[in-house]
Amino acid sequence: ALARKVASSDKLRKIIALAGRLQATARAKRATRSEYARSEVTGVELTGDIARLLPTEMGALGHPVMGVDVLRRVMERTALGYKVRGKEKSTKGPIVLVLDQSGSMESGHKDVWGKAIALALLDTARSEKRAFGIILYEDGVTRTLACCDADKIDPVALLDLLSSAPAGGTDFAEPLGLALNWIEGRVPGNGKLARADIVHITDGEPNSLHNVAPLILARADKLGAHIYGIGIATRGATLAAWRHAVACIDDVSRDSAAVDLVFDHI
């Protein structure tokens with residue numbers, strides 16, 4: 001029945017196809033990460049890691065006398081090697097996706113992009129054993145779906161959510177407030193969403209008063225939550241006041257700032 005519903009909907013097919021491209025990008029990024037995501041060279045240090053030895057040390061390995069000395073210093077962790085670091089967070093918490101469903105999202109396939117990102121992030125949550133929740137909104141919150149185990153999310157409810165049609169206005173305050181309520185544990189059954197990352201996807205200007213934005217960010221900071229803004233076909237200037245980090249997306253290129261934001265940081 002689910003397959004028939006997808007087959008009969010051109011929009012659902014587009015969402016799933018685009019989500020597949022995003023998932024492939026995300027999986028490729030995860031596959032290239034080392035254990036500690038260390039890739040940036042920041043200097044030189046003493047090491048016992050042969051893979052990080054300086055060229056002078058590597059060249060000496062071929063010498064019958066000097067090579068023995070290098071190996072001795074590798075064993076003693078006193079050989080000269082590159083000092084590296086990475087940007088990936090040491091731990092990753094749940095994901096709460098807040099998705100704009102205002103009428104303007106229907107134009108230019110923006111709703112397809114938003115829901116494709118939602119599916120790709122769900123795939124990330126599944127692979128990393130993270131809790132996952134979605135909040136849809138327009139003038140107010142219209143639909144929600146949360147699951148402490150992303151692997152057990154209800155496929156019927158998920159497909160029903162993806163099938164929703166955008167309409168109405170744009171209010172940032174209510175859905176972001178609900179996301180913070182989930183993180184704070186105020187909503188029964190959503191206790192495993194503490195310290196979640198909030199990903200807010202939108203294309204437009206909010207009806208909400210801008211003086212509410214600092215209150216939202218202050219509350220998020222207090223809860224240890226990070227709010228990422230993803231602008232769909234927009235410059236993202238409006239999002240800046242409401243988010244800790246902002247990027248815009250209209251392509252699945254690996255060089256896209258938004259793709260990096262979504263799949264490298266969240």
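That block above? That's the structure.
Residues numbered from 1 in each chain as written. Predicted model: local features only at pLDDT ≥ 70, side-chain atom pairs only at ≥ 80, totals over all residues. Heavy atoms only, no water.

> What should I look at first to understand the side chain of Ser164 in this one?
Its place among the elements puts Ser164 in the loop between helix 6 (155–162) and helix 7 (173–184). Its relative accessible area of 8% is what places Ser164 among the buried residues. When neighbours within four sequence positions are excluded, Ser164 is seen to be in contact with Lys11, Gln101, Asp111, Lys115, Leu136 and Arg143. (Helix = DSSP H or I, 4+ residues; strand = E, 2+ residues; numbered from the N terminus. Buried < 20%, exposed > 50% of the residue type's maximum accessible area, 1.4 Å probe, protein only. Contact = heavy atoms within 4.5 Å.)

> Quick question: what am I supposed to make of the environment of Thr202 here?
Mapped onto the secondary structure, Thr202 falls in strand 6 (residues 197–202). Given a relative accessible area of 1%, Thr202 falls into the buried group. Each C-alpha atom of the pair Thr202 and Lys110 lies 8.7 Å from the other, and the pair is 92 residues apart in sequence. In this view, Thr202 contacts Asp100, Met105, Tyr137, Thr170, Phe172, Ile230, Gly231, Ile232, Thr234 and Leu239; residues no more than four positions away in its chain are not counted. A polar contact of 2.5 Å, which involves the side chain of Thr202, links it to the side chain of Asp100. (Polar contact = N/O pair within 3.5 Å; in protein donor to acceptor, adjacent residues only side chain to side chain.)

> What exactly am I supposed to notice about helix 7 here?
For an α-helix the count is 3.6 residues per turn, leaving residues at separations of three or four pointing the same way. If you check helix 7, its first and last C-alpha atoms are 16 Å apart, about what twelve residues at 1.5 Å a residue would give, namely 16 Å. Of the residues making up helix 7, those classed as buried are Pro175, Leu176, Gly177, Leu178, Ala179, Leu180, Trp182 and Ile183. Contact partners of the buried residues in helix 7: strand 3 (95–100), strand 4 (132–137), strand 5 (141–147), strand 6 and helix 8 (213–223). After helix 7 finishes, the residue Gly185 shows a positive phi value of roughly 90°. (Expected span 1.5 Å × (residues − 1).)

> Any chance you could explain the nonpolar core here in plain terms?
Soluble globular proteins: nonpolar side chains tend toward being buried together. Residues Leu97, Ile117, Leu121, Phe132, Val199 and Ile201 are the most contacted members of the largest nonpolar core, which totals 40 residues. Those elements that provide at least two residues to this core are helix 2 (10–32), strand 3, helix 5 (110–127), strand 4, strand 5, helix 6, strand 6 and strand 7 (226–232). Sorting elements by how many residues they give to this core places helix 5 first, with ten residues. Leave out the neighbours within four places in its chain, and Ile117 touches Leu22, Ile201, Ile230, Ile232 and Ile249. Ala196, Ile198, Ala213 and Leu217 belong to the second largest nonpolar core, which has 24 residues in total. (Core = buried A, V, L, I, M, F, W, Y, C linked by side-chain atoms within 4.5 Å.)

> Explain the sheet that holds strand 8 (residues 245–249) to me, please; I cannot follow it from the model alone.
Across a sheet, strands are paired by hydrogen bonds formed along the backbone, either parallel or antiparallel in direction. Taken together, six strands build an open sheet; the order of strands is 5-4-3-6-7-8 and the sheet is mixed. The open sheet has two edge strands, strand 5 and strand 8, and neither has a second partner. The sheet shows a mean angle of 15° between the axes of neighbouring strands, direction not considered. Here five bridges tie strand 3 to strand 6, and the two strands are oriented parallel to one another. Bridge assignment links Val98 to a residue of strand 6, and that residue is His200. In this fold helix 5 packs onto strand 3, strand 4, strand 6, strand 7 and strand 8, with an angle of close to 175° to the strand it touches most, strand 3. (Pairing = 2+ DSSP bridges. Axes fitted to C-alpha atoms, helices over the stretch in contact; angles between N-to-C directions.)

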